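# What the coordinates show
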Amino acid sequence: MVIATTRTGCMAACCQCCRCMSITLAIASVVFFIASYFSVGGLSSSDLEAEIIVFARVMDLRPGMTICEMGAADGTLLSRLAPYVMPGGALYATAPLDREVRAMRQTLDKAGFGESLTTFKATDEDWAPGLPARSCDAIYSRMVYHMLSPGTAKRYARQWKASLAPQGKLFVTDHNPLDGGTTGPRRPIVAIVGGIGFMPVVPQETEKEEIEEAGGFVATLGPTRHPFYEGGYRTLYEPASTG
């Protein structure tokens, strides 16, 4: 009886230890994710420079182009891409919060590109109220798509197409859930305990399906791995031919 009780106690302790280890690993993944999520400053300087080069090359940025960042936050990424479209380029940026609009304005002013910047306050119904149709050579977002509800994402996709100039491009980077899946519904990037997790994300194939079907786009590159943050992927879209 003593031996059985001791064995049962050891097994319970072992199970508890395994649960603690699982939670610890999940929390570590979340911490790593947060470091890259909340700011481009979460990357090392070399990784940030490498990611900026990827954005510029994939979108084929050149002087004179008009680019628009959806959900530009404090404007850091836009300020680093601005030199690629200067001289003669135009910078558009959207954000849902007044404080973010003010922050991006300050960042671009400090970087010397304030006069080229036009900002738009996004709503659930309109991604960039007042943005002229067919005015953008490239629209892009970095870790923003997952913040949109399915209905808003599909509505935005149609508006992105209307906002692009002929031969324009849409470039989206975001996160897969860390369960290894690339399809299926939105779900937490990390499921910790009992299905409770950290922030819903959109698997890459789900994003692709939504943007292509709702917006009338076709993926011309990807989805493929975007190695600058945990579970990252990137996809380049162009409007589908109507011919």
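Now for a look at the structure at hand. Fair warning: this is a prediction, and the values are worked out from it, not measured in the lab.

### A few points about the sheet that holds strand β8 (residues 217-225)
Remark on secondary structure: sheet strands pair via backbone hydrogen bonds, oriented parallel or antiparallel. On the basis of which strands lie adjacent, the open sheet formed by 7 strands has the order β3-β2-β1-β4-β5-β9-β8 and mixed pairing. Whereas interior strands pair on both sides, the edge strands pair on one side only; in this sheet they are β3 (117-121) and β8. When the angles between neighbouring strand axes are averaged without regard to direction, this sheet yields 15°. Across 4 bridges, strand β1 (residues 66-69) lies against strand β2 (residues 90-95) in parallel orientation. Across the sheet, the residue bridging to T66 is A90, located in β2. Packing of helix α4 (residues 98-111) onto the sheet brings it into contact with β2 and β3, and relative to β3 it is tilted by some 170°.

### So, the pattern of salt bridges
Following the criterion strictly, the structure yields 8 salt bridges and no others. In this structure, R155 engages E125 in a salt bridge whose closest nitrogen and oxygen atoms are separated by 3.5 Å. Of this pair, R155 sits in helix α5 (residues 150-163) while E125 sits in the loop between β3 and β4 (136-142), and the two are 30 residues apart along the sequence. Two residues, R187 and D179, come together in a salt bridge whose shortest N-O distance is 2.7 Å. For D179, a relative accessible area of 52% corresponds to the exposed category.

### Focus: the side chain of T66
Mapping T66 onto the fold places it in strand β1. Residue classification places T66 among the buried positions, given a relative accessible area of 12%. The contacts of T66, once residues within four sequence positions are left out, are A90, Y92, S135, C136, D137 and A138.

### Quick notes on α5
Here α5 spans 20 Å end to end across 14 residues, near enough to the 20 Å set by a 1.5 Å rise per residue. For α5, every residue scored as buried is listed here: T152, A153, Y156, A157, W160 and S163. Across the axial projection of α5, the buried residues extend over an arc of 140°, all falling on one side. The inward-facing, buried residues of α5 abut β4, β5 (164-175), α6 (204-215) and β8.

Analysis parameters
Residues numbered from 1 in each chain as written. Predicted model: local features only at pLDDT ≥ 70, side-chain atom pairs only at ≥ 80, totals over all residues. Heavy atoms only, no water. Pairing = 2+ DSSP bridges. Helix = DSSP H or I, 4+ residues; strand = E, 2+ residues; numbered from the N terminus. Axes fitted to C-alpha atoms, helices over the stretch in contact; angles between N-to-C directions. Contact = heavy atoms within 4.5 Å. Salt bridge = Lys/Arg side-chain N within 4 Å of Asp/Glu carboxyl O. Buried < 20%, exposed > 50% of the residue type's maximum accessible area, 1.4 Å probe, protein only. Expected span 1.5 Å × (residues − 1). Arc of directions from axis to C-beta.

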